[in-house]
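Chain by chain, the residues:
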Amino acid sequence: AGAQQSATVANPVSGASPDLLPHFQLEPEDVYIVKNKAVSLACRATPATQIYFKCNGEWVHQGDHVTQQSTDRSTGLPVMEVRIEVTRQQVEKIFGLEEYWCQCVAWSSSGTTKSQKAFVRIACECLWWPRWDRALAPAAPHLCASPDLRKNFEQEPMAREVSIEQGIVLPCRPPEGIPPAEVEWLRNEELVDPALDANVYVTPEHSLVLRQARLADTANYTCVAKNIVARRRSASAAITVYVNGGWSTWTQWSGCSTSCGRGWQKRSRTCTNPTPLNGGAFCEGQNVQKTACTTLCPVDGAWSEWSKWSVCGAECTHWRSRECSEPAPRNGGRDCRGSELDTRNCTSELCSHATPGTEDVALYVGLVAVAVCLVLLLLVGVLVYCRKKGGLDADVADSSILTAGFQPVSIKPSKADNPSLLTIQPDLSTATMTYQGSLCPRQDGPAKLQLPNGHLLSPLGAGRHTLHHSSPAIEGADFVARLSTQSYFRSLPRGTTNMAYGTFNFLGGRLMIPNTGISLLIPPDAIPRGKIYEVYLTLHKQEEVRLPLAGCQTLLSPIVSCGPPGVLLTRPAILAMGHCVEASAENWSIRLKKQSCEGTWEDVLQLGAEPCTELYYCQLEAQACYVFTEQLGRFALVGESLSMAASKRLKLVLFAPAACPSLEYNIRVYCLSDTQDVLKEVIQLEKQLGGQLIGAPRVLHFKDSYHNLRLSIHDMPSSLWKSKLLASYQEIPFYHIWSGLQPFLHCTFTLERLSPSTCELACKIWVWQVEGDGQSFTVNFNIAKDTRFSDWLVPDSEVGAPALVGPSAFKIPFLIRQKIISSLDPPGTRGADWRTLAQKLNLDSHLSFFASKPSPTAMILNLWEARHFPNGNLSQLATAVAEVGKQDGALFAVSEAEC
């Protein structure tokens, strides 16, 4: 019927323009059939004499058309409009062949025109295609799947807990449907409109993105998919935005708990910056800090005894006096009450009061002046005598002692026929010494280490001088004998490998823990004269001391104690210890921590920042730090990374059994902090296990990138060995390494020999941080007899004495040191003073610290001793001192009178 209808054409409409082709004012558009409701297609063309629909290549029956005719008022051309209806049954008849489409065709006297094709599809609810039916989907796009799958989402949003300001992505992949579903998001059943909230946007994949989580974003989120047929909702996802607590700033220290004597003061902080919300973590650490304080007690003044009555004066009176000095008022105490002068008549009112003449007044004035001069001369003589007898500072021989150079004190004096006084060495091992010599050094002989004889080494006065100095060995034995009965001396642990101790007086000394790089330098005069201290130095195992770390903090050094705490030091001691940080100001914030008497750890110094107290200072070098401290105690160096580029040095060490009686063979790979003390502990541990070093240690830079450390073994000959490792690599978690609190981290590779006669092992071991630095070891040795790396293991017998007392602890002779200090401490002309010496020793970055001390030169020399003992080059130091003297010509001036 459709084919026959295609030959049937109605009579042309009168009035059509004979010269124009029809054009469409309205063309049919794609439509969907919802359920069983028919859809309508319409088109309109002008000028047109006939207009019909053609569907899937066949003309639609004329009776199914609804046609309207009209005239275009603006052009006067005829207009024809036609409509048809398409049912679901018509579309389903051609199932499996092609899509159902319709097209409008219009005629005029000039020809025909076709409209665009309009596709008619059956709308389906949002659903998944069944797996068994997906092959039919391209051929039958209008086919709907079974209704039981229509509510499934491919991916739904999941509940999450996120920190404030963290980004959130909620995925949503709706079911497939015809037409495709549109997606919208609901927050607590209210529509989320990205146009109204710049913090929210929806991706082309329908995921909801919150750029920065806010507290207001805590809600239930629902993904809604809909088309013209149905509307589907995903399961709601509960998003909780939490806030971790943060400490407020510390309050000011409270007043001392006592108004007189020793007490406590405290300060506090609160976990309100910000306050933890929605399950956020509470602040770590203490909210109250306490410290000891001492309030000076007020002392009221009291009168001394009355003096004797004076001689009866010309006015027939005598007097006596007293002073408010037993004790004198201090710390706000009250002054003495009463008069300090008592005057009485000394003749029982019997003498007449005569006015003295002018001659008597002059006589009295002269006598008083003479008496004052005599008193001053007496005082000066007493001071000079006390100074000469007071110690080594004045008990210096002639200038030959000071020109002895920087030779070690253990070297014997030169022969008597040597004309050069620069080689004469003071023998400090005798109880007393007497020197006589020329007042000026002679220049006619060779010198071992010669300094210019100028201001630094100016000659002393003529005469005979005695240098009193006790032998360190005799003195130390005497100290121990005197102190062995005291309880605190016996309480110190003895014989531990991680401890050194010694008895010291004002001459100072040095403590060292062998093979650890840890030492304590006690400079001369740091201990007050007349005092004797037994000082100890201890390296703590990390499992013995709890050092709390927070955030990105990490332990960078060993934990070291020196004591006893509370002893009085008049000059800073220098504690030297290693560290494992690759220091840079932009990547690290490094702090020196000290444990208080209450057991809490406190920041006493931030490196690179202005020191908050003059009690502590730190010189940080590539592999060691030198801590100046006037208070002994327990110290550790802690760092906080400021960027992911911050890195620590790890020492990678390989050990294996020295003997292999079984077929199994273990290779242990240690990942240690790059400090000498940790390596020493591992070596001692491996000695107990019977291990041997099988490769030179390597250094790996481990970054704060949150990536783990991986270890793997490769290239083993499969015909001789096999690995029992099931995975391709082993892994050490990032936080185990970064905290620095687990000292002996290692992985073990268990290998198996296929034959007992196999002794040659060849393989490669890789150690690397994911997306970071890596190292490889090429292992190629005989497991039965190879000992090529035994030189790395230093026997305990090769280490030096852990305690050195007196001059033996220092490279610079005591008298030379004192002369340099007295010469460079005062400001010199043209800068020839301690500042120039610091610059030449590359210590000019610490000038402000040196200047804060009574003797800057002593601080410089103490630091040189700490850095260069026992292998320091005295010649370089002597050259630097000599160059300082060259800047001031007056330093070399020696007059004939002085000679």
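Note that residues are indexed from 1 along each chain, following the sequence as it is written. Only residues with pLDDT of at least 70 get local features here, since the model is predicted, and only at 80 or more are side-chain atom pairs given and counted; chain-wide, interface and lining totals rely on the full set of residues. The side-chain values count all of the structure's non-hydrogen atoms but skip hydrogen atoms and water molecules.

**Q** Which residues make up the overall build of the protein chain, and what are the values?
**A** Comment: elements are numbered from the N terminus, with helices defined as DSSP H or I runs of at least four residues and strands as E runs of at least two. In terms of regular secondary structure, the protein chain is built from 13 helices and 48 strands. The proportion of buried residues among the 899 residues of the protein chain is 44%. By the convention used here, residues are in contact when the closest approach between their heavy atoms is within 4.5 Å. Contacts spanning at least 24 positions in sequence make up 68% of the contacts within the protein chain whose residues lie at least 6 apart. Exposure classes here rest on a 1.4 Å probe applied to the protein chains alone. A residue is buried below 20% of its type maximum, exposed above 50%, and partly exposed in between.

**Q** Provide a residue-level description of the pairing of strand E42 (residues 709-714), including the pertinent values.
**A** On any regular strand, side chains alternate: one points to one face of the sheet, the next to the other face. Judged from the 3 bridges that link them, E42 and strand E44 (residues 730-732) form a sheet pairing that is antiparallel. Directly across from leucine 711, in E44, lies its bridge partner glutamine 730. DSSP bridges decide pairing: two strands pair if at least two such bridges lie between them. Where E42 meets strand E46 (residues 760-769), 6 bridges bridge the pair, whose relative direction is antiparallel. Looking at the pairing, leucine 709 lines up with glutamine 769 of E46.

**Q** I'd like a rundown of unusual backbone geometry, residues and numbers included.
**A** Residue proline 274 follows asparagine 273 across a cis peptide bond; omega there is 0 degrees. As for its position among the elements, proline 274 is in the loop between strand E20 (261-268) and strand E21 (288-295). The phi torsion at histidine 206 lies on the positive side, around 80 degrees, for a residue other than glycine. For histidine 206, the location among the structural elements is in the loop between strand E15 (200-202) and strand E16 (208-210).

**Q** Go over the confidence of the model for the protein chain, please, and point to the residues and values.
**A** For the protein chain, the mean per-residue pLDDT works out to 77, and 77% of the residues sit at or above 70. Ignoring residues within four places in sequence, the model shows residues 1-17, a span with pLDDT below 50, making 21 contacts including any to other chains. Considering only residues more than four positions removed or in separate chains, one finds that residues 795-799, a stretch of pLDDT under 50, has 4 contacts. Confidence of the prediction at every residue is given by pLDDT, a number between 0 and 100.

**Q** Account for the packing of aromatic side chains, with residues named and values stated.
**A** Centre distance within 6.5 Å is the pairing criterion for rings of Phe, Tyr and Trp, where only the six-membered ring of Trp is used; planes under 30 degrees apart are then read as stacked, over 60 as edge-to-face, and the remainder as tilted. Counted according to the given criterion, the structure contains 15 aromatic pairs. Consider the rings of tyrosine 616 and phenylalanine 635, whose centres lie 6.1 Å apart with planes at 65 degrees: the pair is edge-to-face. Taken together, the residues span a long stretch of sequence, with tyrosine 616 in strand E35 (residues 616-620) and phenylalanine 635 in strand E37 (residues 634-641) at a distance of 19 residues. Of the two residues, tyrosine 616 and phenylalanine 635, both sit in the buried class. With 6.4 Å between their ring centres and 40 degrees between their planes, phenylalanine 702 and tryptophan 738 make a pair best called tilted. In this pair, phenylalanine 702 is assigned in strand E41 (residues 698-703) and tryptophan 738 in helix H8 (residues 734-738), connecting sequence segments 36 residues apart.

**Q** Outline the sheet that holds E35, listing residues and values.
**A** Spatially, E35-E36-E32-E28-E27-E48 is the arrangement adopted by the 6 strands of the open sheet, whose pairing is antiparallel. Strands with a single pairing partner mark the edges of an open sheet, and in this sheet they are E35 and strand E48 (803-805). The mean angle between the axes of side-by-side strands here comes to 15 degrees, regardless of whether they run parallel or antiparallel. Across 6 bridges, the pairing between strand E32 (residues 573-578) and strand E36 (residues 624-629) is antiparallel. By the bridge assignment, glycine 578 is partnered in E36 with alanine 624. A fitted line through C-alpha atoms represents every axis, and for helices the fit uses only the stretch in contact; the resulting angles, taken between N-to-C directions, go from 0 to 180 degrees. Across the sheet, helix H12 (residues 856-868) touches strand E27 (509-513), strand E28 (518-522), E32, E35 and E36, and the angle it forms with E36 is around 140 degrees.

**Q** Outline the sheet that holds strand E12 (residues 168-170), supporting the account with residue identities and numerical values.
**A** Pairing within the open sheet is antiparallel, and its 3 strands lie in the order E12-E16-E15. The strands lining the two open edges of the sheet, one partner per strand, are E12 and E15. Within the sheet, the average angular offset between the axes of one strand and its neighbour, ignoring direction, is 15 degrees.

**Q** So, the packing of helix H9 (residues 814-824) against H12: which residues are in play, and what are the values?
**A** Relative to each other, H9 and H12 sit at 140 degrees, their axes nearing to 8 Å. In terms of their interaxial angle, H9 and H12 are classed as oblique. In this structure, H9 crosses over H12, and the sense of that crossing is right-handed. Residues Arg817, Ile820, Ile821 and Leu824 of H9 form the contact with H12, whose participating residues are Thr857, Ala858, Leu861 and Asn862. Should an angle lie under 35 degrees it is considered roughly parallel, over 145 roughly antiparallel, and from 65 to 115 roughly perpendicular; all remaining angles are considered oblique. By the definition used in this description, the sense in which the near helix is turned from the far one sets the handedness, with an anticlockwise turn below a right angle giving left-handed and a clockwise turn giving right-handed.

**Q** Which residues make up H12, and what are the values?
**A** Multiply 1.5 Å by the residue count of a helix minus one, and that product is the helix's expected span. The end-to-end C-alpha distance of H12, which contains 13 residues, comes to 19 Å, matching closely the 18 Å that a straight helix rising 1.5 Å per residue would cover. By the burial criterion, the buried members of H12 are Pro856, Thr857, Ala858, Met859, Ile860, Leu861, Asn862, Leu863, Trp864, Glu865 and Ala866.

**Q** How would you sum up the nonpolar core? Please name residues and give values.
**A** Nonpolar side chains in soluble globular proteins generally cluster together in the buried interior. Residues Leu520, Leu537, Tyr665, Leu709, Leu761, Ile765 and Val767 are the most contacted members of the largest nonpolar core, which totals 70 residues. Leu843, Ala858, Phe869 and Ala880 belong to the second-largest nonpolar core, a separate cluster that totals 36 residues. Definition used in this section: a nonpolar core is a set of buried Ala, Val, Leu, Ile, Met, Phe, Trp, Tyr and Cys residues joined via side-chain atoms within 4.5 Å.

**Q** Tell me about the state of the cysteines, and name the residues and values.
**A** In this description, the term disulfide denotes a pair of cysteine sulfurs within 2.5 Å. Tallied over the entire structure, the rule returns 7 disulfides. Disulfide partner of cysteine 172: cysteine 223, at an S-S distance of 1.9 Å. Here the disulfide of cysteine 172 and cysteine 223 is left-handed, its torsion about the S-S bond being about -75 degrees. Linking cysteine 172 in the loop between E12 and strand E13 (182-187) with cysteine 223 in strand E17 (residues 219-226), this pair joins segments that are 51 residues apart in sequence. For cysteine 172, a relative accessible area of 0% puts it in the buried group. The disulfide bridge from cysteine 256 ends at cysteine 293, spanning 1.9 Å between sulfur atoms. The sign of the S-S torsion, about 90 degrees, decides the handedness of the disulfide formed by cysteine 256 and cysteine 293: right-handed.

**Q** Outline the environment of glutamate 205, supporting the account with residue identities and numerical values.
**A** For glutamate 205, the location among the structural elements is in the loop between E15 and E16. Judged by its relative accessible area of 53%, glutamate 205 is exposed. Sequence-wise, glutamate 205 and cysteine 172 are 33 residues apart; in three dimensions their C-alpha atoms are separated by 7.6 Å.

**Q** Tell me about a nonpolar patch on the surface, and please be specific about residues and values.
**A** Where nonpolar side chains cluster on the molecular surface, the patch consists of Val368, Val372, Val375, Leu376 and Leu379 and spans about 450 Å² of accessible area. Note on placement: leucine 379 falls in helix H3 (residues 358-389). Patch membership is restricted to residues that have no salt bridge and whose relative accessible area is over 30%. Joining uses 9 Å for like charges and 5 Å for the nonpolar side chains Val, Leu, Ile, Met, Phe, Trp and Tyr. Note on areas: Shrake-Rupley, 1.4 Å probe, and residue coverage restricted to the protein chains presented here. By salt bridge we mean one thing: a side-chain nitrogen of Lys or Arg within 4 Å of a carboxyl oxygen of Asp or Glu.

**Q** Tell me about the pattern of salt bridges, and name the residues and values.
**A** Evaluation of the coordinates by the stated rule reveals 30 salt bridges. Between arginine 510 and glutamate 865 there is a salt bridge, and its shortest N-O distance comes to 3.7 Å. Pair noted here: arginine 510 is in strand E27 and glutamate 865 is in helix H12, with a separation of 355 residues, a long-range link. A salt bridge links glutamate 640 to arginine 591; the nearest nitrogen and oxygen atoms lie 3.9 Å apart. Of the two residues, glutamate 640 is situated in strand E37 and arginine 591 in strand E33 (residues 588-595); the sequence distance between them amounts to 49 residues. Taking relative accessible area as the criterion, glutamate 640 reaches 27% and is therefore assigned partly exposed. Salt bridges here are not isolated pairs; linked through shared partners, they connect Arg187, Asp197, Arg214 and Asp217.

**Q** Describe the environment of arginine 337, and please don't skip the residues or the numbers.
**A** Along the polypeptide, arginine 337 turns up in the loop between strand E22 (317-321) and strand E23 (341-345). Look at arginine 337 and you get exposed, because its relative accessible area is 72%. Residues arginine 337 and glycine 301, spaced 36 residues apart in sequence, show a C-alpha to C-alpha distance of 8.8 Å. Apart from residues lying up to four places away in sequence, arginine 337 is in contact with Trp303 and Arg322.

**Q** Describe a negative patch on the surface, with residues and values.
**A** A surface patch of like charges, here negative, comprises Glu305, Glu323, Glu326 and Glu340. Along the chain, the position of glutamate 340 falls in the loop between E22 and E23. Only four residue types enter the charge count, namely Lys and Arg as positive and Asp and Glu as negative; His and the chain termini do not. Every charge is mapped onto a representative atom, which is NZ of Lys, CZ of Arg, CG of Asp or CD of Glu.

**Q** Kindly report on the pairing of strand E38 (residues 647-657), identifying the contributing residues and their values.
**A** With 11 of 11 residues buried, E38 lies mostly within the body of the structure. Alignment of E38 against strand E39 (residues 664-673), held across 6 bridges, turns out to be antiparallel. Of the residues in E39, the one forming a bridge with leucine 652 is cysteine 671. Taking the residues that link successive antiparallel strands as the turn, the E38-E39 hairpin has 6 residues.

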